[in-house]
Amino acid sequence: RMRLVATRLPGLSLIELTCHGDERGFFAETYRADELAAFGIADEWVQDNHSRSSRGVLRGLHFSIGPGQAKLVRCARGAIIDVAVDLRRGSPTFGEWESFLLADENMRCLHIPVGFAHGFCVISDVADVTYKCSNYYSPDTERGIAYDDPDVAVEWPDVPHVVSARDATAPRLLDVRDELPFVYGD
């Protein structure tokens, strides 16, 4: 069975998966719609993604406009620090972030609803991150905010960061806040 773990930011859902292991290895259900629905997660997933990254790779902070894109993120190999930033106008936690250790050993996944930016930093030698998306990827709707925005002040792991050119030049939250379509309570 899956277990819901409390988070600080309203809307985020950290989920612990049950792992059955023996000398042969392990088995875990990594997605089960009825149990997620019991936690209030009823997104329809239309796309699965899988990334492999080495130590220090930092991806984010990304979000999609238009209908937005909820994500269900899991680290299937290695370990990451996964970060979500609240972008919902009117939210009591607007601009605040929360981070979570997602690892193959702790069998946790994170549901990030529409209205949050998402990013992660790899803290193992290699990490495979898999995630379900509620809408198809479109370069026309993908946006981002600076991973090192001093107003957001995410405390990333203390490893040398490897960042894409696009992420390195992303705007600060202050520069895009009036364009954000997300409203708290919608």
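Here is a short report on the structure shown in this document.

About the cut-offs
- Residues numbered from 1 in each chain as written.
- Predicted model: local features only at pLDDT ≥ 70, side-chain atom pairs only at ≥ 80, totals over all residues.
- Heavy atoms only, no water.
- Helix = DSSP H or I, 4+ residues; strand = E, 2+ residues; numbered from the N terminus.
- Buried < 20%, exposed > 50% of the residue type's maximum accessible area, 1.4 Å probe, protein only.
- Contact = heavy atoms within 4.5 Å.
- 1 Å grid on protein atoms, 1.4 Å probe; cavity = no way out; pocket = protein on both sides within 12 Å on 5 of 7 lines; lining within 4 Å.
- Points joined across faces, edges and corners; volume = space filled by probe spheres on them.
- Nonpolar A, V, L, I, M, F, W, Y, C, P; charged D, E, K, R; others polar.
- Pairing = 2+ DSSP bridges.
- Axes fitted to C-alpha atoms, helices over the stretch in contact; angles between N-to-C directions.

A few points about the environment of Ala103
Part 1 of the reasoning: Along the polypeptide, Ala103 turns up in strand β9 (residues 97-103).
Part 2 of the reasoning: Given the relative accessible area of 7%, Ala103 is considered buried.
Part 3 of the reasoning: A C-alpha to C-alpha distance of 29 Å links Ala103 and Arg172, two positions 69 residues apart in sequence.
Part 4 of the reasoning: Once residues within four sequence positions are removed from consideration, Ala103 is found in contact with Cys75, Gly78, Ala79 and Arg108.

What about empty space enclosed by the protein?
Part 1 of the reasoning: All told, the structure shown has one cavity of 30 Å³ or more when counted by the stated rule.
Part 2 of the reasoning: Looking at the largest cavity, its volume works out to about 80 Å³.
Part 3 of the reasoning: Elements with a contribution of two residues or more to the lining of the largest cavity: β6 (58-64) and β11 (116-122).
Part 4 of the reasoning: With three residues, β6 is the largest single contributor of residues to the lining of the largest cavity.

Quick word on unusual backbone geometry
Part 1 of the reasoning: The peptide bond linking Gly60 to Leu61 adopts the cis configuration, its omega dihedral lying at 10°.
Part 2 of the reasoning: Tracing the sequence through the fold places Leu61 in strand β6.
Part 3 of the reasoning: Even without a glycine there, the phi angle at Met107 is positive, about 50°.
Part 4 of the reasoning: Within the fold, Met107 resides in the loop between β9 and β10 (108-112).
Part 5 of the reasoning: Owing to a relative accessible area of 9%, Met107 belongs among the buried residues under this scheme.
Part 6 of the reasoning: A positive phi angle is found at Ala153, which is not glycine, with a value near 60°.
Part 7 of the reasoning: Tracing the backbone through its elements, the reader meets Ala153 in the loop between β13 (142-144) and α2 (165-168).

Structural notes on the layout of surface pockets
Empty space left among the atoms is revealed by rolling a probe the size of a water molecule over them.
Part 1 of the reasoning: When its volume is computed, the largest pocket comes out at roughly 360 Å³.
Part 2 of the reasoning: Lining the largest pocket are 25 residues, and of these His62, Lys71, Tyr131, Glu142 and Arg166 sit closest to its centre.
Part 3 of the reasoning: Broken down by secondary-structure element, the contributors of at least two residues to the lining of the largest pocket are β5 (47-54), β6, β11, β12 (126-133) and α2.
Part 4 of the reasoning: Taken together, the residues of the lining of the largest pocket sort by class into nine nonpolar, 11 polar and five charged.

Thoughts on the sheet that holds β13
Part 1 of the reasoning: One open sheet accounts for five strands, arranged β9-β8-β11-β6-β13; its pairing is antiparallel. Both outer strands of the open sheet, β9 and β13, are each paired with one neighbouring strand and no more. Across the sheet, the axes of successive neighbouring strands diverge by a mean angle of 30°, strand direction being ignored.
Part 2 of the reasoning: Bridging between β6 and β11 involves three bridges; their strand directions are antiparallel. Paired with His62 across the strands is His118, a residue of β11.

Function cannot be read off these values alone, since they describe shape.
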